[in-house]
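Given next are the chains, with one letter for each unit.
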Amino acid sequence: MALESLALRRPDDWHVHLRDGDMLAAVAPWTARQFARAIVMPNLDPPVTSVAAAAGYRARILGALAPDSGFEPLMTCYLTDQADPDEIERGFREHVWVAAKLYPANATTNSALGVTDIANIYPALERMQACRMVLCVHGEVTVPQVDVFDREAVFVERVLARLVRDLPELRIVLEHITTQEAADFVEHAGPNIAATITPQHLHLNRNALFAGGLRPHAYCLPVVKRERHRQAVRAAATSGSPKFFLGTDSAPHPRHAKESACGCAGIFNAPFALESYATVFEEEGAIDRLEGFASEHGARFYGIELNQGTIVLDRVDVEVPERITTGGIELVPFHAGQRLGWRLAAE
Ligand code: DOR
Ligand code: ZN
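Every value quoted in this text rests on a predicted model; they were computed, and no experiment measured them.

## Focus: the coordination of the zinc ion (ligand 2)
At this site the zinc ion (ligand 2) is bound by H15 (NE2), H17 (NE2) and D249 (OD), with donor distances of 2.0 to 2.1 Å. Sequence spacing of the donors to the zinc ion (ligand 2): H-x1-H-x231-D. Here H17, found in the loop between β2 (13-16) and α1 (21-34), pairs with D249, found in the loop between β9 (244-246) and α9 (255-258); they are 232 residues apart in sequence, far enough to count as distant. Judged by relative accessible area, which is 7%, H17 ranks as buried. Judged by its relative accessible area of 6%, D249 is buried.

## Observations regarding the sheet that holds strand β3 (residues 37-40)
Taken together, eight strands build an open sheet; the order of strands is β2-β3-β4-β5-β6-β7-β8-β9 and the sheet is parallel. Strand pairing shows two members of the sheet lacking a second neighbour, β2 and β9, which therefore form its edges. Neighbour-to-neighbour, the strand axes of this sheet turn through a mean angle of 30°, independent of strand direction. Bridge count between strand β5 (residues 97-102) and strand β6 (residues 134-137): four bridges; the pairing is parallel. Bridge pairing in β6 links L102 to V137.

## Points about helix α6 (residues 180-188)
Residue pairs spaced three or four apart in an α-helix point in one direction, given the helix's 3.6 residues per turn. Within α6, burial applies to A182, A183 and V186. Down the axis of α6, the buried set is contained in an arc of 100°. They therefore lie on one face. In this structure, the buried side of α6 is in contact with α5 (151-166), β7 (171-174), β8 (193-197), α8 (227-237) and β9.

## Details of the pairing of β3
Sheet faces and side chains relate simply in a regular strand, where the side chains alternate between the two faces. In β3, alternate side chains face the same way, and those of R37 and I39 on one face and A38 and V40 on the other are all buried. One ladder, built from two bridges, connects β2 with β3; its direction is parallel. Bridge pairing links D13 to A38 in β3. Relative to strand β4 (residues 72-78), β3 is paired through four bridges, and the arrangement is parallel.

## Observations concerning the packing of helix α3 (residues 85-93) against helix α4 (residues 122-131)
For the pair α3 and α4, the least separation of the axes is 9 Å and the interaxial angle reads 30°. As judged from the angle between their axes, α3 and α4 are roughly parallel. Where α3 crosses over α4, the two elements pack in a sense that is right-handed. In this structure, α3 contributes P85, D86, I88, E89, F92 and R93 to the contact, and α4 contributes P123, A124, R127, M128 and C131.

## Description of the pairing of β7
Alternating positions in β7 separate into two faces, R171 and V173 on one and I172 and L174 on the other, with burial throughout. In this sheet, β7 lies alongside β6 in parallel orientation, the contact comprising four bridges. Bridged to V134 within β7 is R171. At this point the chain moves from β6, through α5, to the parallel β7, and the crossover so formed is right-handed.

## Let's talk about the side chain of K225
Considering the arrangement of structural elements, one finds K225 in the loop between α7 (199-203) and α8. It turns out K225 is buried and unbridged, and the closest side chain with the opposite charge, E140, is 4.8 Å from it. Non-local contacts of K225, meaning those with residues more than four positions away in its chain, are made with F149, T178, T179, N205 and R206.

Cut-offs applied
Residues numbered from 1 in each chain as written. Chains lettered and ligands numbered in written order. Predicted model: local features only at pLDDT ≥ 70, side-chain atom pairs only at ≥ 80, totals over all residues. Heavy atoms only, no water. Donors = N, O, S within 2.8 Å, 3.2 Å for Na, K, Ca; no water. Helix = DSSP H or I, 4+ residues; strand = E, 2+ residues; numbered from the N terminus. Buried < 20%, exposed > 50% of the residue type's maximum accessible area, 1.4 Å probe, protein only. Pairing = 2+ DSSP bridges. Axes fitted to C-alpha atoms, helices over the stretch in contact; angles between N-to-C directions. Arc of directions from axis to C-beta. Contact = heavy atoms within 4.5 Å. Parallel < 35°, antiparallel > 145°, perpendicular 65-115°, else oblique. Left-handed = near helix turned anticlockwise from the far one by under 90°. Right-handed = clockwise from strand over helix to strand, strands pointing away. Lys, Arg positive; Asp, Glu negative; His and termini not counted. Salt bridge = Lys/Arg side-chain N within 4 Å of Asp/Glu carboxyl O.

Following this line, the structure appears as structure tokens:
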């Protein structure tokens, strides 16, 4: 008999964009409803590069939530060419941030101040290796000669492989993997290398970008790939390997900024993230592995205690709305207008 409900240890989101100001107020409650903790990306404008900026941002996130939400934001530091090893270590030792994020310059939203050459941040990375701080990586090269669909595979081959060779003990999370090459690299690397996987890269292949017309709400970075890559990423997520864990990369942009002649990259998947992942795990016959992926592997990799308490997913259809409007901001959620077969039970 099919399961009627599924209880899981309270899960975490190991990669999310919560933004700031009115957008923060609009989106943070969605993440806090689904997850106990989340790794919060630092690509604000200006980016979060100092301990003081991260502490201030953390306070604004908590201020956007109900006092009893129980949600814990896990902050990150944005690496620039000028990254200061002392400042990075201080934020880590003072428990202000748990990781630093490498954005190759101009790879994605608010990455103009990212790293132009990885050699520039070797002093910072060596310090992080010494203090066992995690490096989160946006793994795409940005040279114009490389096809946008190949940017991740080329990054793995040219940049990540060298990084792992030069800094063999550095703890690295390759974020939002989209390719067979990335999944294979992580699977065969040492235990200090892991990856997060988003719902969209499990559900969509690149046909989704052009299904009946140009589809801005399927556009994120790294861009969705061919079907064989989607299958490889699904296999990795549902394999039970502790190297792969949940990171939504929920990245809200207002509807008008997505539906534009130059639409922003990012998919707002926070409202139905667990329902979306559960659908995939069930389709793959791996629903018993969802708890490891969502609630255990990430915390173990980061060396953080597992959450107490449980959430329940009921096998009840849920209709994903076409739009979610909060505080005057209109957002189009992932799976808009579709029906999913699981629903997160209210507490
Ligand atoms: O699609 C994306 N959106 N990918 C990223 O790497 C950044 C994110 C954003 O901040 O909008
Ligand atoms: Zn992201």
